[in-house]
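Chain by chain, the residues run as shown.
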Amino acid sequence: MYVGIMSGTSLDGLDFALIEHDSHTRLIATHYEPMPHQLKQDLLELCSTGPDELARAAITEQAWAKLAGDGVLRLLQQAQAPSKAVRAIGSHGQTVRHEPQRGFTIQIGNPALLAELTGISVVADFRRRDVAAGGQGAPLVPAFHEALFGDAEHARAVLNIGGFSNLSLLRPGQAARGFDCGPGNVLLDAWIQRNLGHAYDQNGAWAASGEVNGTLLQAFLSAPFFSAQGPKSTGRELFNLEWLEAHLENFPALPAEDVQATLLELTAISICDALRASQPETKDVLVCGGGAHNAALMTRLQAHLPSCQVNSTTRFGVEPDWIEAMAFAWLAHCCLEGIAANRPSVTGAQGLRVLGAIYPA
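Fair warning: this is a prediction, and the values are worked out from it, not measured in the lab.

Observations regarding the sheet that holds strand E8 (residues 164-170)
- Across the sheet, 5 strands lie side by side as E9-E8-E7-E10-E11; this open sheet has mixed pairing. Sheet topology places strand E9 (177-183) and strand E11 (309-312) at the edges, where each strand pairs with a single neighbour. For this sheet, the mean angle separating the axes of adjacent strands, direction not counted, is 20°.
- Examined bridge by bridge, strand E7 (residues 156-161) and strand E10 (residues 284-288) share 5 bridges and lie parallel to one another. Paired with Leu159 across the bridge in E10 is Val287.
- Each of E7, E10 and E11 touches helix H12 (residues 295-304); the most contacted strand, E11, lies at about 155° to it.

Here is the structure:
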């Protein structure tokens, strides 16, 4: 068995998945640990430059590792699984900087401390090996999506909508492709938090109460990222509140709910434009991540893709909230078995690489 831990850009909490893997991957148990407010703030502050960053990062990743360790032990307790039955933990850590164009990506999480707290070997630091080989370091999940959802007859796309959105393109008989599409929930969450104090827009209800402003939408879509061809990845370094506020200077009287509606349409149309351009024959779009629960967003995706069936991965047997945590458990298995798990067709790396660094228990 393996445990996977995912902590995404939304910073709402940590997802834990316990899997068994032989010729197939089976989800055994899941757990969620909410992110304490102070830890979330500390991590957000590390996403931009500030004083004494090295010491603050070291202290913050200790807190993250302790939260992760508690979550692993609770997961195993709930599953009635002894820690000795777990071969390894695959820990994504928390991304605080992602700038592959400058040759680096940084995920913190103190895997040595996590191994000490759990008594289980930890595999971590998956992304830097791909970046060292000239890749984007993201997305890393297409190989897992291919193993889990690949179809022998029809082209499929697996769409993960977390803080940012990414596509895995699965064609029968061909290597998986994929790339980041742009902001998923990151701007939607930031805008509703600023205006209503809510952590997220439940079911997209606030966005649905507003109207899309076409001029603002086109201004958003003029960002060079959207017209760039893959491999490509993105993060808070590009799409953040400052980026949004710079655009809103030209729309001082626009109601806040109209901004939210336009941000939701940005998420939807950037995904759908990318899919139509890269794999127009797609029959099924399998949606995972938090965005799968946003009814308004799912409706807009289906409206923009009338020739596709857009569904949550629930329809295909796996709940959407646990796909990424499962993926990092699977990546830990690949590392220990010496299996290359990046895809140069996705990240642009110079070749296949075994990903991850091992911290023995």
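Examining the packing of helix H6 (residues 186-196) against helix H11 (residues 256-278)
- Axis separation between H6 and H11 bottoms out at 9 Å; the angle between their running directions is 170°. As judged from the angle between their axes, H6 and H11 are roughly antiparallel. Two secondary-structure elements touch here, H6 through Leu187, Leu188, Trp191, Ile192 and Asn195 and H11 through Ala256, Val259, Gln260, Leu263, Leu264 and Thr267.
- Taken together, the residues of the contact of H6 with H11 break down into 8 nonpolar, 3 polar and no charged.

Describing the environment of Gln302
- Positionally, Gln302 belongs in helix H12.
- Since its relative accessible area comes to 26%, Gln302 is described here as partly exposed.
- For the pair formed by Gln302 and Val285, sequence separation is 17 residues and the distance between their alpha carbons is 9.3 Å.
- Dropping the residues within four chain positions of it, Gln302 is found in contact with Cys308, Gln309 and Val310.
- Within the structure, Gln302 has its side chain in polar contact with the backbone nitrogen of Val310 (distance 3.0 Å).

Looking at the nonpolar core
- If you look at the biggest cluster of nonpolar residues, it comprises 51 residues, and the most contacted ones within it are Leu167, Trp191 and Leu301.
- No other element matches H11, which puts 11 residues into this core.
- With near-sequence residues (within four places) excluded, Leu167 lies in contact with Ala157, Val158, Leu159, Arg177, Gly178, Phe179, Cys181, Ile271, Ala274 and Leu275.
- Ranked by size, the runner-up nonpolar core spans 31 residues in total, among them Ala143, Ile323, Met326 and Ala341.

A look at the pattern of salt bridges
- Taken as a whole, this structure holds 14 salt bridges when the rule is applied.
- Between Glu20 and Arg26 there is a salt bridge, with its nearest N and O atoms 3.2 Å apart.
- Under the relative-accessibility criterion, Glu20 is labelled partly exposed at 30%.
- A single salt-bridge network, built from bridges that share partners, covers Glu20, Asp22 and Arg26.

Describing the UniProt feature "binding site: ATP" (unreviewed entry) in the chain
- Within the UniProt annotation, "binding site: ATP" (unreviewed entry) is assigned to Gly8, Thr9, Ser10, Leu11, Asp12, Gly13, Leu14 and Asp15.
- Along the chain, Thr9 falls in the loop between strand E1 (2-7) and strand E2 (13-21).
- In this structure, Thr9 is in contact with Gln94, Gly163, Phe164 and Arg236, ignoring residues within four places of it in sequence.
- Turning to its location among the elements, Leu14 is positioned in strand E2.
- Sequence-distant contacts of Leu14, defined by excluding residues within four places in its chain, comprise Ile5, Met6, Ser7, His31, Tyr32, Glu33, Met35, Trp64, Leu67 and Ala68.

Overview of helix H10 (residues 241-248)
- Among the residues of H10, those classed as buried are Leu241, Trp243, Leu244, His247 and Leu248. Around the axis of H10, the buried residues are gathered within 160° of arc, so they sit on the same side.
- Of the surrounding secondary structure, the elements contacted by the buried residues of H10 are H6, helix H8 (214-221) and H11.
- Its side-chain oxygen placed 3.2 Å from the backbone nitrogen of Glu242, Asn240 serves as the N-cap of H10.

What counts and how
- Residues numbered from 1 in each chain as written.
- Predicted model: local features only at pLDDT ≥ 70, side-chain atom pairs only at ≥ 80, totals over all residues.
- Heavy atoms only, no water.
- Pairing = 2+ DSSP bridges.
- Helix = DSSP H or I, 4+ residues; strand = E, 2+ residues; numbered from the N terminus.
- Axes fitted to C-alpha atoms, helices over the stretch in contact; angles between N-to-C directions.
- Contact = heavy atoms within 4.5 Å.
- Parallel < 35°, antiparallel > 145°, perpendicular 65-115°, else oblique.
- Nonpolar A, V, L, I, M, F, W, Y, C, P; charged D, E, K, R; others polar.
- Buried < 20%, exposed > 50% of the residue type's maximum accessible area, 1.4 Å probe, protein only.
- Polar contact = N/O pair within 3.5 Å; in protein donor to acceptor, adjacent residues only side chain to side chain.
- Core = buried A, V, L, I, M, F, W, Y, C linked by side-chain atoms within 4.5 Å.
- Salt bridge = Lys/Arg side-chain N within 4 Å of Asp/Glu carboxyl O.
- UniProt positions renumbered as here; feature names shortened; annotations may be inferred.
- Arc of directions from axis to C-beta.

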